[in-house]
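Results of the structural survey
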Amino acid sequence: MRVLMIQTPSVEDLSQERVYPIGIVLLASYLQRYGHEVSILDMNLERDPYGALKEKLLEFQPEAIGLSLRNIDPLGNKTSSLISPFIVTVRLIAAVLPQAWLIVGGTGFSLFPERLMLEISELDYGIIGEAEVTFPALLRSIDSPPSLPGLCWREGSRVRITPPYTDFNMVEYVPANRLLLDPALYKGINNYVPTIGIEAKRGCALNCAYCVYPQLQGKRLRCRPASAVVDEMESLYKDYGIESFHFTDPVLNVPRGHLEGICEEIMRRKLKVRWDGFMREDQLNEKNVALFERAGCECFSFSPDGLCQESLDVLQKNLSEAQILRAANLVSQTDVVSVYHFMVNVPGETVVTCEKSIQFVDRLYEVHSKKKNLGTIILNNIRILPGTAIEGMARAGGVIGLETDLLYPTYYNPKPFNTFRYKLETLQQCRNVFMWQGVNYPAE
């Protein structure tokens, strides 16, 4: 079967940071091994994405089309949505090739499968969660498929959904066939974010109140062997000149020892690459921080989220202020830049917690002041997503109601602290500029 895999628009425009669509390339590689003729289109690379889509459809004439809806909106406190361009994409495909099967998956779809299947009648099937097993099986019996993990289909006016597959054995993970989509197309297109992702594991055992990773990937950690991860990095370095990577794991340095093994393998091979990924603060110590730096870590990315202990507890982070500051002290002694992500105006915010948040931002800049290695502190309100503890808190507190449509950007940001983020952003920007310019920040 001829199968076209499409990364639908996942950024607002070409000026945004874009990434290599590892998910659809990986799936396309599996389909190819099952004997399908496969092609890929990433609409995010195209100046005229819909023109490129139409041209690809007419040229390749696919019998089935796999659509990845990765992002439903850009996050970062923005109120624009990526659902509209997704619907345009689906309807254009259906108009140009009405006989082709349309199958949708991806993180964004997996959050709202029933809603999207009901509202977009052109979609034939959906797959939530991991698709390495389900997608090839669906194509083998697409006219009348059996019950498959994560499959979404219509039964009259209803949508039926089976539980997702979250047990793919990462020891059997086969790296994507990059010949299907040349990584060189992504070199140099971003200013900050590495474009090439590496999957070292799936799953997350944490219980953060706002996060959907556990429901998308399961709670059980499934790790690839360190040697296999570095094999993939080395191949991309040697074959395509890729020197910078982003690990896509929910938390990179958990379980302890896995990232350490990857770093030791990188160093054993004398591989001159750079990498980053989100790390858990309470897993750092002097020894592994030094190892990560020697092995090419170019950014310590943290998402502690709570700016005071009260916020950390509400967000179910199972972290303390002391652990965050200890991690900051460790990484501040390196020559690697650090970036921190925090949530603002979390449930239970008070005048006291706001003052503590201000003090915590100041303390982080003081910790990093000697080496000037704090890249930035990113401050966001919480995007309310279905099935999370934050959704329950927002409903219980009257922040959202039964009529609130979570498909579109909805943030937890009630009065009276709905403008507090701007005050914190002003402080963070002042501290950042003063630090980089070598000017003492005046005490208030």
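Our structure's up above, just so we're on the same page.
A brief look at the structure comes next. (Residues numbered from 1 in each chain as written. Predicted model: local features only at pLDDT ≥ 70, side-chain atom pairs only at ≥ 80, totals over all residues. Heavy atoms only, no water.)

Okay, the sheet that holds strand β14 (residues 337-343) next. Taken together, the six strands give an open sheet; going across it, the order is β8-β11-β12-β13-β14-β15, and neighbouring strands pair in parallel fashion. The two strands at the open ends of the sheet, each matched to only one other strand, are β8 (197-198) and β15 (374-380). Summarising the sheet, β14 and β15 pair through six bridges and their orientation is parallel. When the sheet's bridge partners are listed, His-341 is paired in β15 with Ile-378. (Pairing = 2+ DSSP bridges. Helix = DSSP H or I, 4+ residues; strand = E, 2+ residues; numbered from the N terminus.)

For the rest of this paragraph, the subject is the pattern of salt bridges. Applying the stated rule across the entire model yields 30 salt bridges. Its salt-bridge partner being Glu-298, residue Arg-274 comes within 3.1 Å of it at the nearest N-O pair. Placement of Arg-274 in strand β12 (residues 274-279) and of Glu-298 in strand β13 (residues 297-305) is noted, with a sequence separation of 24 residues between them. Taking relative accessible area as the criterion, Arg-274 reaches 37% and is therefore assigned partly exposed. A salt bridge links Glu-425 to Arg-421; the nearest nitrogen and oxygen atoms lie 3.0 Å apart. Of this pair, Glu-425 and Arg-421 both sit in helix α15 (residues 420-436), separated by four residues, roughly a single helical turn. Beyond isolated ion pairs, a larger network of salt bridges with shared partners links Asp-231, Glu-234, Lys-238, Glu-265, Arg-268 and Arg-269. (Salt bridge = Lys/Arg side-chain N within 4 Å of Asp/Glu carboxyl O. Buried < 20%, exposed > 50% of the residue type's maximum accessible area, 1.4 Å probe, protein only.)

Let us look at the environment of Tyr-165. As for its position among the elements, Tyr-165 is in the loop between β7 (158-161) and β8. For Tyr-165 and Ile-127, which are 38 residues apart along the polypeptide, the C-alpha to C-alpha distance reads 9.6 Å.

In this section: helix α3 (residues 83-96). With 14 residues, α3 extends 20 Å from end C-alpha to end C-alpha; this agrees with the ideal 20 Å at 1.5 Å per step. Restricting attention to buried positions, one finds in α3 the residues Ile-83, Pro-85, Phe-86, Ile-87, Thr-89, Val-90 and Ile-93. Buried residues along α3 sit in contact with β1 (2-7), α2 (49-60), β3 (64-68), β4 (101-105) and α5 (113-119). (Expected span 1.5 Å × (residues − 1). Contact = heavy atoms within 4.5 Å.)

As a further point, take the packing of helix α13 (residues 351-368) against α15. In the contact formed by α13 and α15, the axes pass within 11 Å of each other and the chain directions differ by 15°. Classed by the angle they form, the pair α13 and α15 counts as roughly parallel. Of the two elements, α13 crosses α15, and the hand of that crossing is right-handed. The segment α13 lies against α15, with Cys-354, Ser-357, Ile-358, Val-361, Asp-362, Tyr-365, Glu-366 and His-368 engaging Phe-420, Lys-423, Leu-424, Leu-427, Gln-428, Arg-431, Asn-432 and Met-435. For the contact of α13 with α15, the per-class residue count stands at eight nonpolar, four polar and four charged. (Axes fitted to C-alpha atoms, helices over the stretch in contact; angles between N-to-C directions. Parallel < 35°, antiparallel > 145°, perpendicular 65-115°, else oblique. Left-handed = near helix turned anticlockwise from the far one by under 90°. Nonpolar A, V, L, I, M, F, W, Y, C, P; charged D, E, K, R; others polar.)

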